[in-house]
Amino acid sequence: MGRKKKTLHDYAAEFHDLAVKRHVVEQHDSGERTRVEILYCKSCEVPVRVRRDRILEHLASARHYRNRRLIKQQWDRKPVLVSAPSDLHLPVKLGSSSLTSQPPLLTGTPGCSVSSCSSSLPPPSLPLLSSSKSSTSSAATSEATPSTSDNQPQNFSSGRVRSPPLPGWASNPWLERTTNSIGVRAGAGGGAGLGVGVGLALFGVSTGSRALCHSLVVENGCQLLYIVEDQRWELEGVFSQEHLTHTRVLRSLDTDIVLRDQCVSGVVVCSPPDEASVIILDALRAGKGVFCEKLPSLNRHIAESCFDEASRCGKPLVCGFFKRFDPALQFLYKRVHENETLGRIQRISTISRMYPPPSVAAIKSSGGIFYNTAVHDIDVICWLLGESAPDTIFSLGHAFCREMAAVKEPDSISVSMKFPSGAIASLDTSQHCNKSCDQRLEVHGTEGSLQMDNRNPLGISDHSTSAALCLQDTAERYRDAYRELLRHFLRTLRGRESPFFTKEQYLWTIQVAAAAEQSWRNGSAVDLRNEALDTTIIKTEVQ
């Protein structure tokens, strides 16, 4: 006898994320009704093909994993009760539909009075209400329930300030609601004793900064007060409707509103380098600390001016070299330097293949693969070796993508470097990866070697041509690194730490990236000891 064919209900019983949906189809001619059953994913709310390989591929996708996390966070979140005004005598649940009918409330962060916060905001239509009991009960609830960085923030203040909608944005009800609301988190203190939330503003949103944006909304040590972005579809691709309930969305023309707001202590810049430097200088001069996710500028003099301005204003400027904060690399660094278990370092090799690949426009705006991807591996290698720059560097590259070839940029490169200590380093960097991001590093010394492999929750390495066992994109892989980097920025705002990356380190790192690009374009090795690069324009365009 042959094997019994599985039914839809068998698959639904085997995979708990699947269910069977019944639809009634009515024939227009005869009026006869027929019942049709489909296999359905409960988390993603999409039909699934009745094939085991297709089912496994969907359940292992980043989209399904993200939707499951969102659903879990919604179920895990407990409502916080705040005291209602005396004339209502009823408790109000935050996040409930009845909140829209309540009078606006405004609470301030430490060191920022209510009057100073409201001075740069549109005046509320109703009188302000304060409730000390509500903040006390909110803090007690947060202490009773331990918070983790994987969960959504549970404590939000009851503050809502009505403001007029932005021109041209009122057609989208979600954006209209986020534009008309702003709040300051009551703050349960997010990891490492960060205490009450720090007011932040975000400039520029893109899918490439998804990991950092996720950290901004889940970290209890900060409150995202503003987002400045002209392209509203970028917001919809990164933030959910729930994430922006207490965040005000502005256009770039309204930047002055953010810079004048005394409740904003820091600015997070995710804009391309050609736009980031202007935002950085304006924010520093307004008395805000700056976290620049990408490079501050591809012009050496402008980059230096950003660091000099930060030093003059006494405000931190943190660069987004996130890989240093990856827990696996932190552990590897301690093994190499503190324990000295490897002896003298002889060779370091890195592999960085992106998944999903960034768009051609994103690569081009960030300066190309040497400044978008390879610069982070260059920083890690110099950090592990304790040396500022190599003596010799040689690069090969090719554009396998037709669009990248059209803009005269490679999408896959190999870089070899030799350092003064004699150590040899190699970088294998590519914008293409077919199943999951590939992030590996090996360190070889005279006494042994260490290897950082891809992080796989299942503990299984899949090198076959079948669907990946556990899809992991680059944002998921370095989510913890971005979270720790954000916490470092928050500590610099409080004066507890100095920025980990100095001006000299930054200039050396991008100088090495420029030498790698020059070697690729000229087809010859670059000797950094004897050859002088163009120190004004780091990135050169080929017409």
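For the structure itself, consult the block above.
Notes on the structure in this doc start here. On a predicted model such as this, the values are computed, not experimentally measured, just so you know.

### A few points about the sheet that holds strand β16 (residues 438-445)
Spatially, β17-β16-β12-β15-β14-β13-β18 is the arrangement adopted by the 7 strands of the open sheet, whose pairing is mixed. Two strands bound the open sheet, and with one partner strand each, they are β17 (449-452) and β18 (526-527). Sheet analysis places strand β13 (residues 392-398) next to strand β14 (residues 412-418), joined by 7 bridges and oriented antiparallel. Within the sheet, the bridge partner assigned to F394 lies in β14 and is S416. Relative to strand β15 (residues 424-430), helix α14 (residues 369-385) is tilted by about 150°, and along the sheet it contacts β12 (345-353), β13, β14, β15 and β16.

### Concerning the pattern of salt bridges
Taken as a whole and judged by the stated rule, the model has 20 salt bridges. Linking D377 and K323 is a salt bridge whose minimum nitrogen-to-oxygen distance equals 2.7 Å. Taken together, the residues D377 in helix α14 and K323 in the loop between β11 (317-319) and α12 (327-337) connect sequence positions 54 residues apart. On the accessibility criterion, D377 (3% relative accessible area) is buried. The closest approach of N and O atoms between E409 and R521, which form a salt bridge, is 3.6 Å. Of this pair, E409 sits in the loop between α15 (402-406) and β14 while R521 sits in helix α18 (residues 503-522), and the two are 112 residues apart along the sequence. We classify R521 as partly exposed; its relative accessible area is 26%. Through salt bridges that share partners, R353, D428, D438 and R440 make up one connected network.

### What about unusual backbone geometry?
Cis geometry is adopted by the peptide bond preceding P356, which originates at Y355 and carries an omega value of -10°. Among the secondary structure elements, P356 is positioned in the loop between β12 and α13 (360-365). In the Ramachandran plot, K408 falls in the positive-phi region, its phi being about 60° despite a non-glycine side chain. Position of K408 relative to the elements: it lies in the loop between α15 and β14.

### Here we look at the pairing of β12
Bridging between β12 and β16 involves 8 bridges; their strand directions are antiparallel. Of the residues in β16, the one forming a bridge with S349 is E442.

### Concerning the environment of V198
Within the element layout of this structure, V198 appears in strand β6 (residues 198-203). For V198, a relative accessible area of 9% translates into the label buried. Separated by 295 residues in the primary sequence, V198 and L493 place their C-alpha atoms 8.5 Å from one another. With residues up to four places along the chain from it excluded, the contact list for V198 reads G221, C222, Q223, S265, L490, L493 and R494.

### Description of the pairing of β6
Judged by how many residues are buried, β6 sits mostly within the fold: 6 of 6 residues are covered. Every second residue of β6 is oriented toward a common face, with V198, L200 and L202 on one face and G199, A201 and F203 on the other, all of them buried. Note that β6 and strand β7 (residues 222-228) share 6 bridges and pair parallel. Within the sheet, the bridge partner assigned to L202 lies in β7 and is I227. Pairing between β6 and strand β9 (residues 266-269): 4 bridges, direction parallel. The residue bridging A201 from the neighbouring strand is V267, located in β9.

### So, the sheet that holds β6
Strands sit in the order β8-β7-β6-β9-β10-β11 across an open sheet of 6 strands; the sheet is parallel. Lying at the two open borders of the sheet, with one neighbouring strand each, are β8 (248-250) and β11. Strand-to-strand, the axes of this sheet are offset by a mean angle of 20°, without reference to chain direction. Bridging between β9 and strand β10 (residues 289-292) involves 4 bridges; their strand directions are parallel. Of the residues in β10, the one forming a bridge with V269 is C292.

### Quick notes on α14
The terminal C-alpha atoms of α14, which comprises 17 residues, lie 23 Å apart, in line with the 24 Å expected from a rise of 1.5 Å per residue. Residue V375 marks the point of greatest curvature in α14, where the axis turns by about 45°. G386 occupies a position one or two residues after α14 and carries a positive phi of about 70°.

Procedures and definitions
Residues numbered from 1 in each chain as written. Predicted model: local features only at pLDDT ≥ 70, side-chain atom pairs only at ≥ 80, totals over all residues. Heavy atoms only, no water. Pairing = 2+ DSSP bridges. Helix = DSSP H or I, 4+ residues; strand = E, 2+ residues; numbered from the N terminus. Contact = heavy atoms within 4.5 Å. Axes fitted to C-alpha atoms, helices over the stretch in contact; angles between N-to-C directions. Salt bridge = Lys/Arg side-chain N within 4 Å of Asp/Glu carboxyl O. Buried < 20%, exposed > 50% of the residue type's maximum accessible area, 1.4 Å probe, protein only. Expected span 1.5 Å × (residues − 1). Bend = angle between axes of the 7 residues up to and from the residue.

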